[in-house]
Each structure stands twice: as structure tokens, then as C-alpha cells.
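Residue strings, one per chain:
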Amino acid sequence: MNADWEPVIGIETHVELATASKMFCGCPVTFGAPPNTAVCPTCLGLPGALPVPNRRAIESIIAIGLALECQVAPRSVFHRKNYFYADLPKNYQISQYDLPVCVGGGLEFILDGEQVAVGIERAHMEEDTGKTIHRGGGGRLHSSSGSLLDFNRSGVPLVEIVSRPDLRSAEQARAYAQELRAVVAALGVSDAKLEEGSIRFDANVSVRPVGSSPLGVKVEIKNMNSFRSLERAVASEIRRQIDLLEGGGTVVQETRHWDEEAGVTHGMRVKEGSSDYRYFTEPDLVPMVVDEDWRLAIAATLPELPAARRSRYLGLGVEHQVVGSLLSAEQGLVDLFEAGLAAGADPRLAANWVSGEVVAWLRRQDHPPALGNLTGQHLAELSDMVNEGLVSASAAKDVLAGVLAGEGGPAEVAGRRDLLQISDRGALQTAIDEVLAVNQDAVARLASGDQKPFGFLVGQVMKSTGGKADPKLVTEMLRSRLGSAS
Amino acid sequence: MTPADLSVAEAARKLAAGETTSLEITEAVLRRAAQTEAELHCYLTIDQQGALASAEDSDRRRRKGAVSALSGIPIALKDNMCTDGIETTCSSQILAGYRPPYDATVVRRLRAAGAVIVGKTNLDEFAMGSSTENSAYGPTHNPWDPGRVPGGSSGGSAAAVSAGSALAALGSDTGGSIRQPASLCGVVGFKPTYGRVSRYGLVAFASSLDQIGPITRTVEDAALIFSVIGGHDPQDATSYTGEMPELSALGSGVAGLRIGVVQEASGAGFEPDVETACRQMAERLTAAGASLEEISVPTFTVALSAYYLIAPAEASANLARFDGVRYGLREEGTHVEEMMARTRAAGFGPEVSRRILLGTYALSAGYYDAFYGQAQRVRTLLINELNAAFERVDVLILPTSPTTAFEMGAKTQDPLSMYLTDVCTIPANLAGTPAISVPIGLDRSGLPIGIQVMGRALGESVMLAVAAEIERLARFTARPPMLEAWS
């Protein structure tokens, strides 16, 4: 990053809500259903069809607003946003304009140990569009021979969350997105899966000379489908703008698409339509009224949010980095960890396993992975076994793999896989005696004050027990034995 | 007189008494259509087979004792109401051949009440017009004088009821499109309070103004059909959730009621015969026990300008969906934007294009506040003035239309003069209040004159009672001369 320039970044986040039905009709919200099977007159924009708002969706956006410390407007209004596009069935989108449900809030996250606060401008309710599938030409519009439309997604409730331009680096953009995803996931209002598009991040990027207060010309970048690509895209766009400005050029306000393979943003080939959306109040809907009782009822159902969860986990002794991965993990993993805590698992061990081995194991699965075999109770049992010295820390990972694979509970797997540690002092004493007997020279060097052979002797004992001895116990016993001998 | 000339209530009484059958009435209506359609062109689609089958079915059910409010009554629908499997064109090329996959709520309710659907009536394209001349499928003619317009945009419905090719019809009213053609055709046209009747399945013109209502031969029939099609519909978010009004007091008269006469609805542009007939009716109402008061509604005349910004603005978005992508006409292009543009250019008639352009302009950045924003402020002002008026009086009366039926082609070249024909009807749409047109006599050329009664929001009971009294006092029994041939 060039030290003379300061990047200014704001993020627009679209969250598809996981309601049972769509925003303005009774069609189911599905992912991956055969094209045009979850449609009706309303979400197809047939003549005469009318929208009726989904109360659950409104509750979800209120929950998001409360979690982001926004003000929930007692009265908000839907507007029509007019533009022609083939996958927008009415050629207007029902959205919100100057009276959104949620205004003014904030989100804090921790990056490299430092707390960063980002303002939230607004969160508003709208409907998703259908999907255009370009046929031929490698799926790209300009070389395709025709287009197919799938309206299953049309009318799916969408919450748009607009941050203030408070972010100053690509890393911060990524961390903000991760934190926001974690909030949405914790609320349970969305699947919040980037790869399925149920949460999408667009970034507004500009740069300005350090110390200057007016904002530079902003560029909107789209098409990032992972946190990593968001960070890369923002970094690349910052670089592009700085290079452009330093080369004497000017930044043009435009929308650019991130090309994951090439690692650069491209200006859109198709000329953008006029940005005059001719917003006006949606006459098919009445203003949304959120009274205090409703708002309080929703507030009462809010789960623990990532920030609170973070400090709780840290308080339990879980390492910083592990807390970070747990908070950005899928809800199923967080639930598993919480179940482990509830069953009395050692928080540090359970957290390490869930964010490490379990995540890695899930990644190796071909089919949609399930955690069915591993329970919180298992985590508690296994952490007890480690703490009691029945299995070593490294053997515990093998036990975990066995449990995940459905081989049984931790004790059963440890037994069957022969992973139990020798913690029997009698048995270990014999092994130690044998090792000392054949390594008299090492004993002698230790006696003379040279500490180096101690590790060697521990290793020999471990080797003679086939690695199953509890190394801590061996060390302790060896030390007291040699101490008494010297 | 044939069974086609019965009122809905009379037909229902005869059916109940076993004096006639639905088949007999329906056949009479279809026969009347066959006799008059070449000259009048009320219908775009006549569902002869469906109507006869449904009439026979109704008679069968009646024999088994299954009777509902409109059992066996042949009713026509304006062709902007969706009918499952029956072509619904809005008189536009862009929807030529379009068959909706569902029934509008009003259609569902009519069917559930036993009505026989005769067919779909002609209208100004997408209900934009006041003469039914803006139809892509040719104009409808006025039964009282086929050289004149039937009014619009529900001209097909009004002419059909007037001519006896339906016992009653549904129309839609965005700026007077039920009341004005009813007035010009000598029948009753009733626009209920906004939200009383579900708009689900009505192809939208201007969503905040559109309201479906009945066109009938009597006030009693209008009330009856209103009670069938009205009431909350969960599929329309703007539908009123409260109870339907009590309509049993239609014959209670006007004694003790306070009636306001709108001062602004007179003078330049109003035909003397129309003014005289309305003034005489006001006097007769006084004689019948009502007290009369002159009421000034200063915003009345500028309401027209506000309407011609608000309605086109909403229409510009409502009609955006007709793009050739999913249904209706498609004119191919080399890319999707060209296809949409060519489809819309070919599919919409000149008046629809004019209003889309007007509305798009009124909503555009830089013009919004001066046009659309200002129009909304006028609308608010008008609502306040009408609210104030309704604190002093129970209903307002005024002509429905400044003139009787005008010659075909007289105003087609001058959109502004055509727009002016709605000056008396538009305020009720902007305010969302109920209003009804009742025929009270003929002008010197033998053309019907209608008087309009405007009620308070949700105040249909009182408004209909006044309308019924006007009907009783007017004793309007004249029939279109052309019908003498088939009596």
C-alpha cells in the first residue's frame, strides 16, 4: 500500500432471509430447486397480481437492526425502484428509499488485536430478482447465444445493510464482512452462505491523499463470492486507483466486476443504465408500522451476539485466533461447541478441536457434510480423557476422527484404535527401569550436571511403550527417579 | 322487454319463484348481444359456451336447493379483470391472446355467488380514456345513439348493461371510469371506497386510485353486487380489514340528511341541460326532507391536474412489466433491451404511450418535486377539504359528467378536452371516497344525464340511501331507442 494514499471503503451487504415463504407471496424460498418451480402470479409479475408483505421477514430485519444497534423506525415505507431488466419481472423492484426500517447503527470487530468501529447507515427491506443464465459462450453475456430466466429467486426477501465509509483497508473490509456474517448467522435469519449467494458483499472503494478530507471518486465492485475474494478485490481496486491517479489519470465512477481468476476488476462491458430509478411510494402496500410492543418482543428473542460470545469465549480461556475462527464458523459448528460446553467439555480443547479437526474433516467430505456422529457429550468425554491422561493430545485427534467417522464414542474409539495412554505408574516404572538399565552413560552424564540426555531418555521410554505412555507422567517419574539417584 | 331487460333483483325474485330459469335469462342476454354487437361492440370476448353451461349448472343446483346471492345472473366483466383461461387483453395489442392462469378475487367471488360470466367487455386500453375509443380492438358505441361514445373507460360494461347484453357488469374506476360511462349510458355506476373491493387480479392502471365496482340498472342491484364482491381480501394489502357496511336501509329516504351541492361543479364547460337536471333533483331532495347546503371545494378543479400526474406516474411503473419477456406480445430484437423497446412500441397505443411518457417524466430526478411531489400535496389538500365538507354534510351531489354523450371522434384529437370530461369524478378517486352515478333524465337530444352522489370514506350506507331516493324521485324508465326493435 502506498503511504501517500488513504483508501476509503464502504460495504453494501445483501442478506437473503431464510423465511419459509417469499417477501410478497406464498412461494417457498428454495435453493437449487428446478428452474421456475417456486413461482406464482405475484413473483412472476403477472398482470393483476399484488404483493402482500411477509411478517416473518419484517421481524428478521428488525432483529438485524437491533443487533446492529440501529433505530427501528416506528413507520417505514416501501418504494418502487424502477429499472428494466429481464430477470426483474415487474421491471421495478419493491425496495425502500427515504424511510427504511432501520437507520443509524454500528458494528465493532477486532482485527490484529485492535477494535475497529464501523457505522451502519441503514438496513432496508427489498425483494430479490430472478436469475439470468446465459446459454453458450462460457456463461458470459457478450458471447452467449441466448438467455434463460429462472424466477425461483424472484421475490425472496432481501435485507440490504449499508455501512458508512469507515473502513480503511482491504483487511478491514474482510473483517467487517466476517463479523457481519457472524451476526446474521447468530440471529438465524439467513443461511448466510457466500457460496450460495445468500449473503453478498459489494464494496464501494475510493482513495484520497492522506490527510485530505473530501472523498475520492468511488467505484463499486461486485462479484466477490468469498471473504478472501472480497479482500483481494478491494486490495486490487485500491492498487488500480492509486496507480491510475499517480499516472495522472482520473477515477471514473462506475461498477466493476471482480475476476477471481485474473485477480483484477473489470469495468462492465454493458453500458450502465441511467441511475435515475424514479423512486416513488409503492401504492400496492401500506406503510409498515412497528410498535414498541412488537419491537420489544423481537428484542427479547435476540440470541447472544458474536461480540458478547467473543468475550465469553475469551473469558473461558479459548485462544484469540480460535475464537475468531469459531465466530466465523457455520452455525452447526458453533452449536456443537456450545453443546460441548454445556456437557462440561474443557473450553480450550473443545474449541481447538471444533475449529481445527472438525472443520478440516468437514472439508474433506464430498457430500453435504453432517455432524451427526459427533456430539457435545463426546467433546466433554474426550476432553476429560485428555485431562485425566487417558489419551494424549495427539491421540485425541485420532479419536476425534474415529468418532466423526461413526466408529462410536470416544472411549470406544480410543480402545478399538489402541490409543489409550499408559498412565499406570507400575507399568511405566518397569519401562523406565529397563531404559535406564541400557543407557547407563546417559544417566552418568546427567549425574555430572549435563541436562541434555534427559529428553533422550524420555524419548526412549515413549519408544519402548509404543508412544502410548503419558509423556507428562514419564517426565515427572523420570525426574523424581533420577533426582533421587543423583 | 325480454328477460335480458330485468334488473338483477327482479331476475333473482323470478328465479326464486320458479317463473324463469338462468338458461332462459342467459339465452335472452346472448340473443340481445347477437342482435346488438355489430352495432355496439360492447364485448371483446363472449364466452357463450361457458355462460350456457354455467346457466344450466345454476338451474340444476337451484333444483337441489343450492342458491346464492347471484345464482344464475348473467354478468359481464371489464376486460382488465383476470379470468382463469379466458383471454384478458385490457384492449391492448400487448396482451393479445393472453390467458391468465388465475381468477381475480372479484371473479372468484362472483362465481362463488353463482353468477354466470357472459364475457369480457371493451375498454379504453388499460382503462386510459373517457370514451372507449382508445381500444386496440375498435370502439364501443352508445346504445342511446350509436354515433356517440358510451363514455369510458368502462364503456363496454356500461353499454352492455344499457343494451341488455348483460344484467349487470363490473367496471373499474381510476378517475371516473365506472361513473362517467354509466352516466352517458343511462345506468347506475358505483365506485366504492378505496380498499372495499379487492384489486387482486385487476390489471393495474394507477394502484392508489383503481377501484372495482358494479354497473347496474338499479341502485339496489349495485348494492347487491357490492355486497358480493366487497370485503377484506388477504391478497390485497390495501384492502380494508373492517366489516362491510349495512345495506338494508336503502329505502330509508333522505329526511334529516344534509346534502351539499358542490359549487365548483358548474359553469363553463357544463351543459345547461345537465346543470338544470341536477339543480331540479337537488330541489326534489329538499322536498323529500333533506337540507341543502352549497359547499365550496376550492381544490376541485386543480385536482384534475394532480390526477393527470399521479395516475400516469403510477401507470409508468405498473405498465413496465409488459416487456415481451414472459407473456403477451413479443417483437424480436438483437438484444433484450431492443426486444423490450420494440415490443412496447408496437404493443401500446398512442394514449397509453403518452401517459407512460408523462408519468416517467413526472417521476424523473429534477422534476419529481415540481410535478409528482406537488400533485401529492394537492391530493392531500383535496382530502382535507373533502373531510371538512363531510363534517358539515352527509353527502355531496354534483353532475357525474359536465356533458352527455359526445359524438364519436369529437375529442380524440384533443387529449386535454377528453381529460376534462373527468373533472367531476376524479376527486372521489384522489380522496378514496365512495361515489355513485344515478340516471335522472334525458337532455334535449334524448341522451341520459347522470347525477353523482359522493359519500364519506366507508360511508356507502348513507350514500346508497340517497342514491336510492334519487332513483325513486327520478323514475328514470327510458330505454335506448334501438332496443324498441327487440322488445
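What counts as what
- Residues numbered from 1 in each chain as written.
- Chains lettered and ligands numbered in written order.
- Predicted model: local features only at pLDDT ≥ 70, side-chain atom pairs only at ≥ 80, totals over all residues.
- Helix = DSSP H or I, 4+ residues; strand = E, 2+ residues; numbered from the N terminus.
- Rg over C-alpha atoms; globule rule 2.2 N^0.38 Å.
- Contact = placed C-beta atoms within 7 Å.
- Pairing = 2+ DSSP bridges.
- Domains from an automatic or database assignment.
- Buried ≥ 20, exposed ≤ 12 C-beta atoms within 10 Å, placed from the backbone.
- Axes fitted to C-alpha atoms, helices over the stretch in contact; angles between N-to-C directions.
- Nonpolar A, V, L, I, M, F, W, Y, C, P; charged D, E, K, R; others polar.
- pLDDT = per-residue confidence, 0-100.
- Left-handed = near helix turned anticlockwise from the far one by under 90°.
- Expected span 1.5 Å × (residues − 1).
- Core = buried A, V, L, I, M, F, W, Y, C linked by C-beta atoms within 7 Å.

On to the overall build of chain B, then. When helices and strands are tallied, chain B shows 15 helices and eleven strands. Here the C-alpha radius of gyration of chain B, 21 Å, is about what a compact globule of 487 residues would show, namely 23 Å. Oriented by its inertia axes, the alpha-carbon framework of chain B measures out at about 65 × 50 × 45 Å. Intrachain contacts of chain B at a sequence separation of at least 6 include 76% that bridge at least 24 residues.

Right, let's get into the sheet that holds strand 15 (residues 280-281) of chain A. Residue and element names in this part refer to chain A. Read from one edge of the open sheet, three strands run 5-4-15, paired in antiparallel fashion. Strands with a single pairing partner mark the edges of an open sheet, and in this sheet they are strand 5 (92-96) and strand 15. The pairing of strand 4 (residues 78-82) with strand 15 spans two bridges and is classified as antiparallel. Note on strand 15: the bridge partner recorded for R80 is F280.

Glancing now at the domain arrangement of chain A. Along its sequence, chain A is carved into domain 1 (5-294), domain 2 (304-416) and domain 3 (425-485). When each unit is reduced to the centre of its C-alpha atoms, the spacing between domain 2 of chain A and domain 3 of chain A is 33 Å.

All right, on to the pairing of strand 3 (residues 116-121) of chain B then. Residue and element names in this part refer to chain B. Taking burial as the measure, the six residues of strand 3 include six buried ones, the bulk of the element. Where strand 1 (residues 43-46) and strand 3 come together, three bridges link them in antiparallel fashion. Among the inter-strand pairings, T45 is bridged to a residue of strand 3, identified as K120. Inspection of the sheet shows strand 2 (residues 74-78) paired to strand 3 by five bridges, in the parallel sense.

All names here are of chain A. On the basis of which strands lie adjacent, the open sheet formed by nine strands has the order 2-6-7-10-1-11-12-13-14 and mixed pairing. The two strands at the open ends of the sheet, each matched to only one other strand, are strand 2 (71-72) and strand 14 (264-267). Where strand 13 (residues 254-259) meets strand 14, four bridges bridge the pair, whose relative direction is antiparallel. Following the sheet pairing, W258 is matched in strand 14 by T265. Packing against the sheet, helix 2 (residues 170-187) makes contact with strand 1 (5-16), strand 6 (102-111), strand 7 (114-127), strand 10 (157-163) and strand 11 (199-209), and its axis sits at approximately 115° to strand 6.

This part is about the interface of chain A and chain B. In this complex, chain A contributes 25 residues to the contact, which on the side of chain B involves 32 residues. Grouping the constituent residues of the side of chain A that touches chain B by class yields 16 nonpolar, four polar and five charged.

For chain B, mean pLDDT is 97; residues scoring 70 or higher make up 100% of the total. Confidence estimates for the predicted assembly give a pTM of 0.88 and an ipTM of 0.96.

Let's shift gears to the packing of helix 13 (residues 440-447) of chain A against helix 14 (residues 453-464) of chain A. All names here are of chain A. The N-to-C vectors of helix 13 and helix 14 enclose an angle of 145°; their axes lie 9 Å apart at closest approach. Crossing of helix 13 against helix 14: the hand is left-handed. On helix 14, the residues touching A442, R445 and L446 of helix 13 are P453, F454, F456 and L457. Along the lines of polarity and charge, the residues of the contact of helix 13 with helix 14 split into six nonpolar, no polar and one charged.

Our focus in this paragraph is the pairing of strand 11 (residues 448-455) of chain B. All names here are of chain B. Within strand 11, eight of the eight residues are buried, which leaves the element mostly enclosed by the surrounding structure. Neither face of strand 11 is exposed, since P448, G450, Q452 and M454 on one face and I449, I451, V453 and G455 on the opposite face are all buried. Linking two consecutive strands that pair antiparallel, namely strand 10 (residues 435-442) and strand 11, is a turn of five residues; a positive phi of about 80° is found at G446 within it.

Right, let's talk about helix 9 (residues 376-387) of chain A for a bit. All names here are of chain A. The end-to-end C-alpha separation of helix 9 is 17 Å, in line with the 16 Å expected for twelve residues at 1.5 Å each. Burial of helix 9 is extensive: nine of the twelve residues sit out of reach of the surface. The set of residues buried in helix 9 consists of G376, H378, L379, A380, E381, L382, S383, M385 and V386. Structurally, helix 9 contributes buried residues whose contacts are with helix 7 (331-342), helix 8 (347-364), helix 10 (393-404) and helix 11 (410-416). Positive phi shows up at G389, right after helix 9, with a value of about 80°.

Residue and element names in this part refer to chain A. For Y277, the location among the structural elements is in the loop between strand 14 and strand 15. A tally of 18 C-beta atoms within 10 Å means that Y277 is categorised as partly exposed. As for Y277 and Y83, which are separated by 194 residues in sequence, their C-alpha atoms are 6.2 Å apart. Among residues more than four places away in sequence, those in contact with Y277 are K81, N82 and Y83.

Core analysis: the largest hydrophobic core is formed by 263 residues, its most contacted members being A:I64, B:I75 and B:V453. When residues no more than four places from it in sequence are discounted, the contact partners of B:I75 are B:L110, B:A115, B:V116, B:I117, B:V118, B:A166, B:L167, B:A168 and B:A169. If you look at the next biggest cluster of nonpolar residues, it comprises nine residues, including A:I422, A:I432, A:V435 and A:V461.

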